[in-house]
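# Remarks on the overall topology
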Amino acid sequence: MADHSSNSAQAADADKGYWQANLRLIYISLVIWALVSFGFGILLRPLLSGIAIGGTDLGFWFAQQGSILVFLVLIFNYAWRMNKLDAEYGVDEE
Amino acid sequence: MDQFTINLLFVGASFALYIGIAIWARAGSTSEFYAAGRGVHPVTNGMATAADWMSAASFISMAGLIAFTGYDNSTFLMGWTGGYVLLALLLAPYLRKFGKYTVSEFIGDRFYSQTARVVAVVCLIVASVTYVIGQMTGVGVAFGRFLEVDNTTGLLIGAAVVFAYAVFGGMKGVTYTQVAQYCVLITAYTIPAIFISLQLTGTPIPALGLFDDTASGEPLLTKLDAIVTELGFAEYTAHHSNTLNMVLFTLSLMIGTAGLPHVIMRFFTVPKVSDARWSAGWTLVFIALLYLTAPAVGAMARLNISDMMWPNGGIEGGAVSVEQIDNDPQYDWMATWQKTGLLDWEDKNGDGKIQYYNDKSEAMQGIAEEKGWVGNELTKFNRDILVLANPEIANLPGWVVGLVAAGGLAAALSTAAGLLLAISSAVSHDLVKGAINPSISEKGELLAARIAMAVAIVVATWLGLNPPGFAAQTVALAFGLAAASIFPALMMGIFSTRINNTGAVAGMMAGLVVTLVYIFLHKGWLFIPGTNSFTDADPLLGPIKSTSFGAIGAMINFGVAYVVAGMTKETPQEIKDLVESVRIPRGAGAAQNK
């Protein structure tokens, strides 16, 4: 009985650590998400106007292509890191 | 073979494929009808979700929106893709773990409230119905243009095909047809773009061609900026619109995308939580293939058209002559599209030439006076022509035109089917089983789902034939509702145990009502013309247009929910346990057959 409750307490701690790690990854990802779209693509575009790329500036590239490419990296990175975390904390499906 | 026969062959072959899938993918259980038996591979689901998401608006209209505005309309590109980051990180894996069939079911269970579930169902149905009207009219128009049948016949043929695979196959039938439709639409979009990119820049990848040099050695975008400003239009790559509105509009599109139920429910079809994560990435890969091409298509088409109207190097060289438009085969597409009423020109000053310029620009008025022009003579140019006429503008073979016809239809049909599925499962699962008759048998529910689907198709077809006057305005409504009510409720349900039933309902209602009122104030009450007090040219709140208000509605929803939840009774322990279990993937297999 005692064993059982300490096991479930351990499991609850692991779940908590897992959730904290997940939240941290989400925060970082969303900061980058906002930075490339609202930041580089719109608000910070004037700061990037000095960097020329293909007949225009870097901000235009981020608004029309760069942000989409970064979004892709963010989602795949999240999937990869989370699937690893699942196994690390023993909360995966199998 | 004439163009009509080619179009008929391409559209006919694609429809035969969809019907073949309908016969193969019959749904035998509610799990198959609602969630394709939760056996869809993440890459397959990604492809189906991409087709589900990319509607006639993405396929036909988006490149035109970018072409005629330039940088300012990058909002659509960032907004309609950035939503997938929110979906992948904040919603999809947890809702898959929850393991039920509809978005409203999660809201009802998590907030232990039938009211919350009903509010969610109403938002879901209103958002999806308004959205589906546009798809159905799009089907009719595409048929009318390419197959010379009238809009009504075209719409009825399209509806019959959707009926065949959606009523019998449910999510299972819709999933595999959407995969086929994705293949058709992406091929149709990419092939003309590759040819045009090769012609203009020598680069076979349009997304790279956009930033490449033209034959003269000048970068494409520099050349485009030069010609459009010479003609008095706003510089293509420059920022002209209000920055705050641009940010809010992009954010509204992102939150709205993540909150659209027909997209979310596609993630219920994959076997595992980890698959839901991968699948969101694959979805964006397949969407990006079109969205990275679209801005190139837009810029290149704008450059092509400007060059065609001023074929001798800008204003100095003189405008194209009426004689050349009538006789040069390169200009044949103009006569073709003039017949549709979407393109027109008129030699107002009778000089035998067609001057295309911005007659509202003051600088141009001076030049016009000097040269004897009396106004822009390319009198009509509907933005939607761009993608559809692209193959003809670039002189591509007839089969490419047929392919584009089949692609436009695939985009409209795949989105319509996904929306109809969201509507019918909300009716049969949330209303019939959830509220009216909870003890209904599996067989009974499956029948109810099929009847709901059939009725939804009939209603959508009727609305497509008799589109209410507000049809064009309703996209703002669909995104507004999804952003202001559904997305915040789902996110708080997963990320906060503090939000209770009262808080969630108050938040959803507040977000919903404020957003609706703001849209109605600008677009007319219930979209009745003349009943609006403001216009989007001069909005109530500074620069914030009604189309950008969804993000503010979402913030109101979050704020009200937190305040009300803080003042009312805490969430019960069993609901907190439910939230804990949704947060970890362990045991998703067990939830599978509930």
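Because the structure is a prediction, the values reported are computed rather than measured.

## With respect to the overall build of chain B
The helix and strand inventory of chain B stands at 26 helices and four strands. The globule rule puts the C-alpha radius of gyration for 594 residues at 25 Å, and the 25 Å found for chain B is close to it. Residue burial in chain B is summarised as follows: out of 594 residues, 58% are buried. A fraction of 81% describes how many contacts in chain B between residues 6 or more apart in sequence connect residues 24 or more apart.

## Structural notes on the overall build of chain A
A count of helical and extended segments in chain A gives three helices and two strands. Its helices and strands taken in sequence order, chain A reads α-α-β-β-α from the N to the C terminus. Against the compact-globule benchmark of 12 Å for 94 residues, chain A has a radius of gyration of 20 Å, which places it well outside the compact range. Along the longest, intermediate and shortest principal axes, the C-alpha atoms of chain A span 70 × 25 × 15 Å. In chain A, which comprises 94 residues, the proportion classed as buried is 33%. Across chain A, contacts joining residues at least 24 apart in sequence account for 60% of those joining residues at least 6 apart.

## Observations concerning the interface of chain B and chain A
Between chain B and chain A, the residue contacts involve 43 residues of the former and 36 residues of the latter. At the level of elements, helix H5 (74-98), helix H10 (220-230), helix H11 (243-259), helix H13 (273-291), helix H25 (573-583) and helix H26 (588-591) of chain B are the ones that each hand at least two residues to the side of chain B that touches chain A. Of the residues belonging to the side of chain B that touches chain A, the class tally is 26 nonpolar, 11 polar and six charged.

## So, the nonpolar core
Residues Leu 185 and Leu 420 of chain B are the most contacted members of the largest nonpolar core, which totals 230 residues. Setting aside chain neighbours within four positions, we find Leu 185 of chain B in contact with Ala 51, Met 54, Phe 59, Gly 407, Ala 410 and Ala 411 of chain B.

## So, the packing of helix H6 (residues 103-110) of chain B against helix H20 (residues 398-436) of chain B
Residues and elements named next belong to chain B. Across the interface, H6 lies against H20 with an axial gap of 9 Å and an inter-helix angle of 35 degrees. Taken together, the residues of H20 that come into contact with H6 (itself represented by Ser 104, Glu 105 and Gly 108) are Ala 426, His 429, Asp 430 and Gly 434. For the contact of H6 with H20, the residue count by class is one nonpolar, four polar and two charged.

## Concerning the environment of Val 563 of chain B
By the secondary structure assignment, Val 563 of chain B is in helix H24 (residues 550-567). In sequence terms Val 563 of chain B and Ala 506 of chain B are 57 residues apart; their C-alpha atoms lie 9.6 Å from each other.

## With respect to the confidence of the model for chain B
With 97% of its residues at a pLDDT of 70 or more, chain B has an overall mean of 90. Interface scoring of the predicted complex returns ipTM 0.93; its pTM is 0.93.

Basis of the calculations
Residues numbered from 1 in each chain as written. Chains lettered and ligands numbered in written order. Predicted model: local features only at pLDDT ≥ 70, side-chain atom pairs only at ≥ 80, totals over all residues. Helix = DSSP H or I, 4+ residues; strand = E, 2+ residues; numbered from the N terminus. Rg over C-alpha atoms; globule rule 2.2 N^0.38 Å. Buried ≥ 20, exposed ≤ 12 C-beta atoms within 10 Å, placed from the backbone. Contact = placed C-beta atoms within 7 Å. Nonpolar A, V, L, I, M, F, W, Y, C, P; charged D, E, K, R; others polar. Core = buried A, V, L, I, M, F, W, Y, C linked by C-beta atoms within 7 Å. Axes fitted to C-alpha atoms, helices over the stretch in contact; angles between N-to-C directions. pLDDT = per-residue confidence, 0-100.

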